[in-house]
Amino acid sequence: MSDHSIQGVGLGLRSQHYAHILEHQPDVPWFEALADNYLGDGGLPLYHLEQIRKDYPLTFHAVGMSLGSSDPLDVDYLRKLKALTQRFESAWLSDHLSWSRSNGQVANDLLPMPYTTEAAQHVSDRIQQAQEVLGQRLVIENVSSYLSYSMDAMTEWAFLMEVVERADCLILLDINNIYVSAMNHGFEPLPYLEAIPVERVVEMHLAGYEDTGDLLFDTHGQAVHPPVWALYRAALQRFGKRPTLIEWDTDIPAFEVLQHEAQIAERHQQEVHHAQAA
Amino acid sequence: MLKLHEIQSQFMQGLYAPHMVNAGDFIQARASHSATQSLQAYRQSLIGHLTQALSEIYPVCLRLLGEIFFDKLSLRYIKDHPSSSLNLHDYGLHFADFMHDFPPLVEFPYLPDVARLEWYWHRAFHAQDEEDLQIQALSALKAGDMPFLHFKLPASAHLLASTFPVQQIWAANQPDSPTHSVDLDQGGGSLLIWRHGYDMRIDSLSQEQWLFLSAIEAGESFSSVCERLPQQHPQCNPVQLAPECVAQGFINGFYLNGETS
Ligand SMILES: [Fe+2]
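Since we're looking at a predicted model, the values are computed, not measured.

Each value, and the rule that gives it
Residues numbered from 1 in each chain as written. Chains lettered and ligands numbered in written order. Predicted model: local features only at pLDDT ≥ 70, side-chain atom pairs only at ≥ 80, totals over all residues. Heavy atoms only, no water. Pairing = 2+ DSSP bridges. Helix = DSSP H or I, 4+ residues; strand = E, 2+ residues; numbered from the N terminus. Axes fitted to C-alpha atoms, helices over the stretch in contact; angles between N-to-C directions. Contact = heavy atoms within 4.5 Å. Domains from an automatic or database assignment. Buried area = accessible area lost by both parts, 1.4 Å probe. Salt bridge = Lys/Arg side-chain N within 4 Å of Asp/Glu carboxyl O. Polar contact = N/O pair within 3.5 Å; in protein donor to acceptor, adjacent residues only side chain to side chain. Nonpolar A, V, L, I, M, F, W, Y, C, P; charged D, E, K, R; others polar. Donors = N, O, S within 2.8 Å, 3.2 Å for Na, K, Ca; no water. Buried < 20%, exposed > 50% of the residue type's maximum accessible area, 1.4 Å probe, protein only. Lys, Arg positive; Asp, Glu negative; His and termini not counted.

Our focus in this paragraph is the sheet that holds strand 2 (residues 158-162) of chain B. Residue and element names in this part refer to chain B. Taken in spatial order, the 3 strands of this open sheet run 2-3-4, and their pairing is antiparallel. Looking at which strands have only one partner, the edges of the open sheet turn out to be strand 2 and strand 4 (199-205). If you compare each strand with its neighbour and ignore which way they point, the axes differ by 25° on average. Note that strand 3 (residues 189-196) and strand 4 share 7 bridges and pair antiparallel. By the bridge assignment, Trp194 is partnered in strand 4 with Arg201. Helix 6 (residues 111-126) contacts strand 2, strand 3 and strand 4 of the sheet and is inclined by roughly 170° relative to strand 2. Strands strand 2, strand 3 and strand 4 of the sheet are contacted by helix 8 (residues 207-217), whose axis makes an angle of about 135° with strand 2.

Bringing the domain arrangement of chain B into the picture now. Residue and element names in this part refer to chain B. Once the domains are mapped, chain B shows domain 1 (1-91) and domain 2 (109-261). Just the C-alpha atoms count here: the centres of domain 1 and domain 2 sit 38 Å apart. Contact residues are listed per partner, giving 11 residues for domain 1 and 17 residues for domain 2. Buried area between domain 1 and domain 2, summed over both chains or domains, comes out near 1,200 Å², and the portion from carbon and sulfur atoms is 61%. Three residues stand out in domain 1 for area buried against domain 2, namely Val60, Arg63 and Leu64, and they jointly supply 48% of the buried area on that side. Here domain 1 and domain 2 share 1 salt bridge between them. With its nearest N and O atoms 3.7 Å apart, the salt bridge here joins Arg123 to Asp90. Across the domain 1-domain 2 interface, the total number found is 5 residue pairs in polar contact (both at pLDDT 80 or more). Looking at the side of domain 1 that touches domain 2 element by element, the count peaks at 6 residues for helix 3 (residues 59-65). Residues belonging to the side of domain 1 that touches domain 2 are distributed by class as follows: 8 nonpolar, 1 polar and 2 charged.

Let us now look at the coordination of the iron ion. All names here are of chain A. For the iron ion, the protein coordination sphere consists of Glu141 (OE), Asp174 (OD), His205 (ND1) and Glu247 (OE), at 2.0 to 2.4 Å. Mapped onto the polypeptide sequence, the residues donating to the iron ion form the spacing pattern E-x32-D-x30-H-x41-E. You can see Asp174 sitting in strand 8 (residues 170-174) and its partner Glu247 sitting in the loop between strand 12 (244-246) and helix 9 (255-277), a full 73 residues away along the chain. Asp174 sits in the buried class, given a relative accessible area of 0%.

A few words on the interface of chain B and chain A. Listed per partner, the contact involves 42 residues of chain B and 49 residues of chain A. The contact between chain B and chain A buries some 3,900 Å² in all, and 60% of this surface belongs to carbon and sulfur atoms. Among the residues of chain B in contact with chain A, Leu4, Tyr42 and Leu86 of chain B are the three that bury the most area, contributing 21% of the side total. In this assembly, chain B and chain A are joined by 0 salt bridges. Taken together, the elements giving at least two residues each to the side of chain B that touches chain A come down to helix 1 (4-16), helix 2 (35-57) and helix 6 of chain B. Here the side of chain B that touches chain A gets 9 residues from one element, more than from any other, and that element is helix 1 of chain B. Considered class by class, the residues forming the side of chain B that touches chain A number 21 nonpolar, 16 polar and 5 charged.

This next bit is on the side chain of Glu156 of chain A. Turning to its location among the elements, Glu156 of chain A is positioned in helix 5 (residues 156-167). Buried within the structure, Glu156 of chain A lacks any salt-bridge partner; its nearest side chain of opposite charge belongs to Arg30 of chain B, at an N-O separation of 10 Å. Here the side chain of Glu156 of chain A touches Tyr192 of chain A through a polar contact of 2.7 Å, side chain to side chain. Those residues in contact with Glu156 of chain A, other than ones at most four positions away along the chain, are Tyr115, Asn142, Val143, Ser181, Phe187 and Tyr192 of chain A.

Put into structure tokens, the structure is as follows:
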């Protein structure tokens, strides 16, 4: 699924910026919308998205599939997502390699998977089921994590590989999440990148973490940090120019701040590209 | 070795009722963090997300109570009402009832109705888009249809009756409204919270409109309303109220149904 309408450095669409975007039509190659904000039956969010879609290509990013849960898949939720992706002709739909529901209770958060063969089989079966309901190939994102399970039997990247190979799905590589998990768990981020098959990566995410002193948190409330830019350059060397998205979810700043982050990402893309060509 | 289902059951329980699980059974301790502390980091994150969701749906309650009290109230609510929907927009349905039963809030008896108004506003904001009903559409009805005629309210509409001036309290606590006090003794009234096109609306209803629309909302047929209401409330004239409510947009559809009366 390499949709050529999605190229360059896009921005995460946030309601705070609807008015700015519609008024100024800024030069942004594409927007990524949070699918869960558009699952209502109607109203202004869908109206605004429709207006913005007229001028920009779109990808959808979801947080609620709970692909890693042992609870049954929420088929109703998936059908709503399918209708949304069809209505807005999104280039692709992504969700996370995580779980959120157990015994009917939900943690509206991205909880980490235990890295076991049993869990890898389970989640890859579920991705396949979800792909069948959705009628499209899914793009799966690696999450940040703040703990490890006692029964972990492989590295995070070995787990990710096993899942995507079995499910034959695509990858959204969140560079910030790799860095956050690497620091929290004390592993080297470069071997992670080396393990990821180039052809499966369709998108990369960049965001700012929060350092609480003993843990890095994936809060998406700051500019991208220098070590994440460095890791992004390493990722560009391995994967080439890939559609890249700036995410910002808390303390959302003026639109120009996001554009500035995108310009930095573009500069890194060009520099790496030229260095490789030389 | 714990299976996936077992790990997730314990993890989830550890998020909502941390004293019920032994985190060390499934989470690795680290040099800087015990297993319990690691689980606690996720619990804090979850509470943050759910509190944020409540504060977005209930900004007026937040402003009236202040952040510290609101956060504590949210924490108690989260404990009693774990999230059950993957979509955060569904969270907070029982907040008004919870406030009503929360002893420290007995001094603020109007708060649950303010919360109801905010919940209805939230639902109306995301409700289905609908057209107005053109009154001429009713002329297509035949005489034989009349016993089966039912009207309907907009999908976005919610009726709210309160003994407190909740609309005034709500209006006085909008982000751009200057702070001024609301006289609680002015009494309450009946409201319709709904969306007209993309316009969010809170309409104050007359007693007759309230009685009429409540009957419609309950699924009572127009002929039954016409017979019953004037008997119970002589000031009510449904034949006059119907076109009036259609013109206001409070009624935006009708259907024929012989089963419900
Ligand atoms: Fe991400």
